[in-house]
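# Analysis of the macromolecular model
Chain by chain, the residues:
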Amino acid sequence: MDRAFQRTQILTDHLLQFSPPSPLSSNACLSYSPPELSESYAFDVKEMRKLIDGHNVEERDWLFGLMRQSKLFNPEEKGGKVFVLPDYNQSTEQQREMTWKRIEYLLERGAFKGWLTEEGEEIEMRKFAGFEVSSIYDHSLFTKLGVHFFLWGGAIKFLGTKHHHEKWLRGTENYSIKGCFAMTELGHGSNVRGVETVTTYDSNTGEFVINTPCETAQKYWIGGAANHATHTVVFSQLHINGTNQGVHAFIVQIRDADGNICPNVRIADCGHKIGLNGVDNGRIWFDNVRVPRENLLNSVADVSLDGKYLSSIENPDQRFAAFMAPLTVGRVNIACASVYQSKVALAISVRYALTRRAFSLKPNEPEVLLLDYPSHQRRLIPLIAKTYAMSFAANYLKMLYVKRTPQSNKIIHIVSSSFKATFTWTNMQILQECREACGGQGLKTENRVGHLKGEYDVQSTFEGDNNILMQQVSKALFAEYMAAQKRNKAFKGLGLEHMNKPCPIIPSQLTSSTLRSSQFLMDALCLRERDLLNRFVVDVSKCKSEGESTQQAFLMCYQLAEDLGRAFSDRAIFQTFIEAEATLPADSLKDILGTLRSLYALICLEDASYVQYGYLSVENGASVRREITKICSELRPHALALVTSFGIPDAFLSPIAFNWIEANSWSSV
Amino acid sequence: MDRAYQRTRILTNHLILNSPAQTACLTSNECLSYSPPELSEKYAFDVSEMRRLMDGHDVEERDRLFGLIIQSKLFNPRVRGGKVFVSPDYNQSMEQQREMTWKRIEYLLERGVFRGWMTGKGEEVEMKRFACFEVLGLFDHSISIKLGVHFFLWGGAIQFFGTKHHHDKWLRDTENYLIKGCFAMTELGHGSNVRGIETVTTYDSKTGEFIINTPCESAQKYWIGGAAKHATHTIVFSQLNINGTNEGVHALIAQIRDADGNVCPNIRIADCGHKIGLNGVDNGRIWFDNVRVPRENLLNSVADVSPDGKYLSSIKDPDQRFAAFLSPLTAGRVNIAVNAVYQSKVGLAIAIRYALTRRAFSLKANEPEVLLLDYPSHQRRLLPLLAKIYAMSFAANYLKMLYVKRTPQSNKTIHVVSSSFKATITWSNMQILQECREACGGQGLKTENRVGHLKAEHDVQSTFEGDNNILMQQVSKALFAEYVAAQKRNKVFEGLGLEHMNKPCPVIPSQLTSTTLRCSQFQMDALCLRERELLNRFVADVSQCLARGESKEHSFNTNYQLAEDLGKAFSDQAIFQTFVEAEATLAAGSLKDVLGMVRSLYALTCLEDVTYLRYGYLSVDNAAAVRGELTKLCSELRPHALALGGVILPTAPNPKDELPITFSIYFPGK
């Protein structure tokens, strides 16, 4: 009432007291014009969304709908639209409570039905879609679910045997138990083989005895441990009769059904973090905790009743690798979710750049839209191309995973490592650029772009530190090379078949049509991968011939290893883009995708490595840059359509993506 | 008591119940223990001397202020691993954080920290003020910004735009916080383009008052630090309309709250809400509904309105008049740039100390795991950043001196250099923090370990007080203008470090030896060569556009890539210059030797930039030589990492300010 009165009064003031409007006429007030009014769609955005989401589109929309309907997802009206987003001004404790309530709500609506009790490609793809949607709402929700279903649930599935599945999977799916995953310790993260937790077997009672022998052995970062989890998988050295059999996994109850911490278990909080404060990361100490013999997850190895160690895998390295298998799915999930964060940020910043103006070129002209500045196009449009490329690569990765066979394990490991590292790093770059491109508005939590950075920074560290994952990629490529050489056989797999062909040649003059030819682009990407692999093998071999160990040789050649890892990733991602493009009939959608594909590849070719190693001459490097600028201006009219095709519902974007003047008006205070 | 009991019990369990198996297991797998890096690393030079050189001034003042902070419970001291750390509780709500920021300011006020900040004059007080901001910025960005708005923006506006009667009326009260100032420039619809703001002020000659109005929603003042809760007064930037003529942007003083904190009539205020950082600052929005202020409230150093309503200005050209109104932002920009360097210092000191105590992977079975900083790749990640920080420190000291010794003639130089350094240093800071966060692994994500948290706190630096991209465009435009002016008058280049343009173009040897690569003359030549070439190209390309009939603005917009590369080339060269000058002041000795290596590392890091290959300034072979030398320098500097990283903060004289992961990687259970 007061406010209404105030408004009328101001209006009256304006009309009566302040009548000479001459000063204002020279300076007409800004008004918001929806980008849809000025921009048109040259292709079917729904079709495009289907293509890049790749699967379970209806399922995704159903889940978006569930979240939008519930007060638990904190809907707020801004500028005539409703947005859902957690209240990040809440304390860690409150955020954790809300995350848990949201999970309960989704559970009751059947969102997790079949996630652990059903088998097959279809349910696995549905689960990935569910995770992607949950990540768009909140990273804490996504991670809390991921720990329970993929890490705890996955460990039971992959490392356990039939009796574990029967005992635990249904209870997990119903959340009658809440699982966590105690692998990382204070002293050992990436180097899992170095964990210091120790388990022995007591044949008198038929129990395992788990111990935290020192402070660095405390389990650390364990998601769910601080507040909610009732059970955990513990990774521990298994000592049988004085012999260390290496890292094994055990099930341990850490809380009773009422939430009381079990005897001989101590738990502490990891405290406030720069993001993910809705996840209760905790620390665990085990003081001679005794668990029944059946709690050893025994698909890889077992201990007999009388205390003999039995394993189907003799080689400890292979045994260890088998124990790491459940992490692969987590890695796939992280890679895929990160692409959606880039989509959210780009949709917001492109929409803002289509409605925000700054500076007039001449006096009395209207100010210029941000996206009409060539420099702004150059900042954002290549990121759109990257996001499309990553979408296709993510879909490929998911299919590779759900169609896995024992033979494809190595490929899945390498591709998931490479894509996880590349996507999550790229995601951080995209978020940073989008934040800056939104100016100050990018710093408001409600506008999401800036906030997502704090939330997703962890992605480059968890489930495998990115640098270490990329080193594994280069090492694997090295091994492929050596194996092919030794057996004098052709390269097969990992997309390395191009190594069997003659080395591609870059024309000395690059025309626009060459620069947009997918064959040329593929050649250029293969050329770099091939040459860097050759160089890497030469340099590592040289180190070894000088007497260095293989490990030492890899460490010395880290720069080539990094460049090679990136060359592999770029080429592998590009391959998935080409394959997706090939499935389409000729039409406007395919045309646009072709342009995006060229842009993506040219951005890869702009990388310093191309001039550093001399794959592109100075002139050719300049041609690449010019073509990028040209494509950016060609894609400018499609910018809105391209981000609309990301299929993120309005409620999951933010006020600056829509009428930000109205959203900030006094009437909405 | 409970805990003591629990510990004893566990110990007993270990000793009695489970003894045979346990000992056997543990001996093969000895537990990790923390060894302070000071035990294994030694200092090859005097670290307190180095700190003095880097801090540059007011070292005792800084330490006094560190001491004040550490003493008070208000700064949230916490014991971790036997050490006390001070850092705000960022798990508090925005409202609580704002309250705490304000209490900390009151505490510092009572201790006399701000004495003379507004009423004192001269270089000495200005340098001391910079030093205090740097120290407070190390504790928390919010407190530094909250003070910066009050003293530099509000106070600076009074000082620079106001005349004697404003100074007499406002400065002492500002210094004592009897009034709390804010600075209402940015609007919802206009940030970088200040000339486009929509707030309108008219003059009523009957009452001798100005009338300030917010004519539409996009004209609401936005992001105004202090406005949401605490500020009593504000500077309002507004179009001034006198008798139907818009005289452009002017600044006026308006009261927005009374002494009891009630919002004044005809003022409306709303909150900017939760942000990704700086939640201890109460950013707000303001609407003015025919707010009347006395004629004297116009800050009239540049222009005035007579009692009968005539517009009077000493500066005829509206462009120059507008520029004069932006000058207080320069001090803010200097302050932001120098503060950013200290954030990088915190990030890197933590990351280096952690890398000297954290191990991962053994090279061979049963060998101890390798220290992170003994990995060549980890050295390559962190040590070039160390060199950058040293370079930025010297540049920051140069910038502060340039500012405090300002004359009307040096205004242009200050504007260009402060723009360039603010953009370059804040961007570098974000890169450094990101790299340090990742280098600390998961520990970098804990708020108490600061590294990761600082990113969100300081991200705003690339936007406020001038968007970095726009500042860098201004640098290139200024260089363009210098070039055109020199050409037109057929004169030599003078100022902005462009004198090298008068000399013949340097030649890069076709084969670069290690000695050449470490020679400061070669390094300077290489940096000048790039700047010179890019400036020539930029002028040529812009002129070509102009010849085709494009407008000047449009020509600049089209050549944005060259403009960006040129801006970077200028900054790198200017920063390097300050490094060389700082080095030259030193007597020969171990400190100078190490610093020389750091200088080479900085220069080679610049030379590694892709522009050197892209424009053909370095051949592929020479670029490979640069990279090779970089790796070599990193391993040579590895033994000095602690000394170089440790002196960044006053840890040597006063280790209390250190942070959890740097000293002790294990914390006793709760």
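Residues numbered from 1 in each chain as written. Chains lettered and ligands numbered in written order. Predicted model: local features only at pLDDT ≥ 70, side-chain atom pairs only at ≥ 80, totals over all residues. Heavy atoms only, no water.

## Quick notes on the overall build of chain A
- Within chain A, the secondary structure is distributed over 24 helices and 13 strands.
- Expressed along its principal axes, the backbone C-alpha trace of chain A runs to roughly 95 × 70 × 40 Å.
- Every one of the 669 residues in chain A was classed for burial, and the buried ones make up 64%.
- Within chain A, contacts between residues separated by at least 24 positions form 75% of all contacts whose residues are at least 6 apart in sequence.
- A gap of 2 Å separates the mean positions of the 71 positive and 73 negative side-chain charges of chain A. (Helix = DSSP H or I, 4+ residues; strand = E, 2+ residues; numbered from the N terminus. Buried < 20%, exposed > 50% of the residue type's maximum accessible area, 1.4 Å probe, protein only. Contact = heavy atoms within 4.5 Å. Lys, Arg positive; Asp, Glu negative; His and termini not counted. Charge placed at Lys NZ, Arg CZ, Asp CG, Glu CD.)

## With respect to the overall build of chain B
- Counting its secondary structure elements, chain B contains 24 helices and 15 strands.
- Compactness check: chain B gives a C-alpha radius of gyration of 28 Å against a globular reference of 26 Å for 670 residues, within 12% of the reference.
- Taken over the C-alpha atoms alone, chain B extends approximately 100 × 70 × 40 Å along its principal axes.
- Relative to all contacts within chain B whose residues are 6 or more apart in sequence, the contacts with residues 24 or more apart total 74%.
- Computing the positive centroid from 76 side-chain charges and the negative centroid from 72, chain B places the two 2 Å apart. (Rg over C-alpha atoms; globule rule 2.2 N^0.38 Å.)

## Observations regarding the UniProt feature "domain: Acyl-CoA oxidase C-terminal" (unreviewed entry) in chain B
- According to UniProt, the positions carrying the feature "domain: Acyl-CoA oxidase C-terminal" (unreviewed entry) are residues 524-644 of chain B.
- The annotated region residues 524-644 of chain B carries 83% helix and 0% strand content, and the separation between its end C-alpha atoms amounts to 23 Å. (UniProt positions renumbered as here; feature names shortened; annotations may be inferred.)

## Some words on the sheet that holds strand S9 (residues 267-271) of chain B
All names here are of chain B.
- The 3 strands are arranged S6-S10-S9 in an open sheet whose pairing can be described as antiparallel. Whereas interior strands pair on both sides, the edge strands pair on one side only; in this sheet they are strand S6 (221-225) and S9. Across the sheet, the mean angle separating the axes of adjacent strands is 35° when strand polarity is ignored.
- Note that S9 and strand S10 (residues 283-288) share 5 bridges and pair antiparallel. Within S10, the position partnered with Asp271 by the bridge is Gly284. (Pairing = 2+ DSSP bridges. Axes fitted to C-alpha atoms, helices over the stretch in contact; angles between N-to-C directions.)

## A closer look at helix H4 (residues 47-55) of chain B
Residues and elements named next belong to chain B.
- What H4 keeps buried is the set Val47, Met50, Arg51, Leu53, Met54 and Asp55.
- As for H4, its buried residues are in contact with helix H5 (59-71), helix H11 (328-355), helix H12 (376-404), helix H20 (590-607) and helix H23 (641-646).
- N-cap assignment for H4: the residue whose side-chain oxygen lies 3.0 Å from the backbone N of Ser48 is Asp46.
- Where H4 terminates, the next one or two residues include Gly56, which has phi positive at roughly 85°. (Polar contact = N/O pair within 3.5 Å; in protein donor to acceptor, adjacent residues only side chain to side chain.)

## As for a negative patch on the surface
- The grouping of Asp44(A), Glu47(A), Asp587(A) and Asp591(A) at the surface amounts to a negative patch.
- As for its placement among the helices and strands, Asp44(A) is situated in the loop between helix H3 (35-38) and helix H4 (45-53). (Patch = residues over 30% accessible without salt bridge, like charges linked within 9 Å, V, L, I, M, F, W, Y side chains within 5 Å. Areas by Shrake-Rupley, 256 points an atom, 1.4 Å probe, with all protein chains shown as cover. Salt bridge = Lys/Arg side-chain N within 4 Å of Asp/Glu carboxyl O.)

## Observations regarding the interface of chain A and chain B
- Counting from both sides, the interface comprises 107 residues of chain A and, opposite them, 109 residues of chain B.
- For the pair chain A and chain B, the two sides together bury roughly 9500 Å², of which 54% comes from carbon and sulfur.
- Across the chain A-chain B interface, the total number found is 7 salt bridges.
- Asp459(B) is paired through a salt bridge with Lys453(A); the nearest N and O atoms lie 2.4 Å apart.
- Inspection of the region where chain A meets chain B yields 45 residue pairs in polar contact (both at pLDDT 80 or more).
- Residues of the side of chain A that touches chain B, tallied by class, amount to 39 nonpolar, 42 polar and 26 charged. (Buried area = accessible area lost by both parts, 1.4 Å probe. Nonpolar A, V, L, I, M, F, W, Y, C, P; charged D, E, K, R; others polar.)

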